[in-house]
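Remarks on the overall topology
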Amino acid sequence: MLELRGITAGYDRREPVVRDVSLTIGDGEAVGLLGPSGCGKSTLARVAALLHRPDAGTVVIDGEPARGWRHRAPREQRTAFGVVFQQPRQSADPRLRLRDLIAEPLRATGRRAEAAARVDGLAPVVGLSAELLARRPHEVSDGQLQRACVARALVARPRWLICDEMTAMLDASTTAALVGVVEEYRRESGAGLLAVGHDAVLLERWCDRTVRWGSP
Ligand SMILES: Nc1ncnc2c1ncn2[C@@H]1O[C@H](COP(=O)(O)OP(=O)(O)OP(=O)(O)O)[C@@H](O)[C@H]1O
């Protein structure tokens, strides 16, 4: 179970953008979080993935309170999460070939030996050819880069996936393909999902339940 308990978070302690929000995701459950632009969904998603330290509240991962944030999070807690962001270019190191970008979470956690086989296994699943794996981010389209970012999120076999507007800049067929990849991984691994977005139709079709957040 992934529990967000009484989270208050933001960028200025005097004016938090998320105030006392609690949300629980059961094992294997897919929860959609809907809300207008600017209400703090991405901030909450980053807190859930241990990427942003809240001002108050706790994140409890499978019964264990989070023991750090960002690089200070213990490895076993950090690697429990796979994260996909809205803008693939902002989260992709422009120097890395897609093959190395996908393998990053394994290399960062001392699992380099698994990388080649895991990337070769995931590339066809997300629809990337060997030729695309050898390119750098500026040599591929946004959709192709997002495919690589989804593979990167899955490469270390996380128990929890946090997808923050994963499909916002994709066409309908790439959206369907990448939602299908996430769902296939969840079916086979039992991973839970927090999917953030504004597209109610997509989230309601994709998730077991959706939570609607109020106005900003
Ligand atoms: N790094 C930052 N520094 C300062 N303020 C920020 C930062 N990131 C976000 N904010 C502000 O926090 C508020 C919530 O932003 P957040 O991105 O969490 O909202 P959101 O609901 O995900 O929006 P959207 O649907 O447009 O992505 C906004 O007012 C935004 O301007």
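Definitions and limits used
- Residues numbered from 1 in each chain as written.
- Predicted model: local features only at pLDDT ≥ 70, side-chain atom pairs only at ≥ 80, totals over all residues.
- UniProt positions renumbered as here; feature names shortened; annotations may be inferred.
- Near = placed C-beta within 6 Å.
- Nonpolar A, V, L, I, M, F, W, Y, C, P; charged D, E, K, R; others polar.
- Core = buried A, V, L, I, M, F, W, Y, C linked by C-beta atoms within 7 Å.
- Buried ≥ 20, exposed ≤ 12 C-beta atoms within 10 Å, placed from the backbone.
- Helix = DSSP H or I, 4+ residues; strand = E, 2+ residues; numbered from the N terminus.
- Contact = placed C-beta atoms within 7 Å.
- Pairing = 2+ DSSP bridges.
- Axes fitted to C-alpha atoms, helices over the stretch in contact; angles between N-to-C directions.

As recorded in an unreviewed UniProt entry, the protein goes by the name ATP-binding cassette domain-containing protein, listed as coming from Streptomyces luteoverticillatus. Recorded in UniProt under Sequence similarities (unreviewed entry), the annotation for the protein is "Belongs to the ABC transporter superfamily."

Inspection of the region around the ligand gives Tyr 11, Val 17, Gly 35, Ser 37, Gly 38, Cys 39, Gly 40, Lys 41, Ser 42, Thr 43, Glu 165 and His 198 as its neighbouring residues. In terms of residue class, the shell around the ligand is made up of 3 nonpolar, 7 polar and 2 charged.

Ala 48, Ile 162 and Leu 194 are the most contacted members of the largest nonpolar core, which has 62 residues in total. The dominant element in this core, judged by the number of residues it contributes, is helix α6 (residues 142–154), at 7 residues. Residue contacts for Ile 162: discarding those within four places in its chain leaves Ala 45, Ala 48, Ala 49, Phe 81, Val 83 and Leu 194.

Time to look at the sheet that holds strand β7 (residues 160–164). Pairing within the open sheet is parallel, and its 5 strands lie in the order β6-β7-β8-β3-β9. Each edge of the sheet is formed by a strand with only one pairing partner; in this case those strands are β6 (81–84) and β9 (209–212). Within this sheet the neighbouring strands show an average axis-to-axis angle of 15°, counted without direction. As defined by bridge partners, strand β3 (residues 30–34) adjoins strand β8 (residues 192–197) across 5 bridges and the pair is classed as parallel. Among the inter-strand pairings, Leu 34 is bridged to a residue of β8, identified as Gly 197. The strands that helix α1 (residues 41–48) touches are β3, β7 and β8; relative to β8, the one it contacts most, it runs at about 160°.

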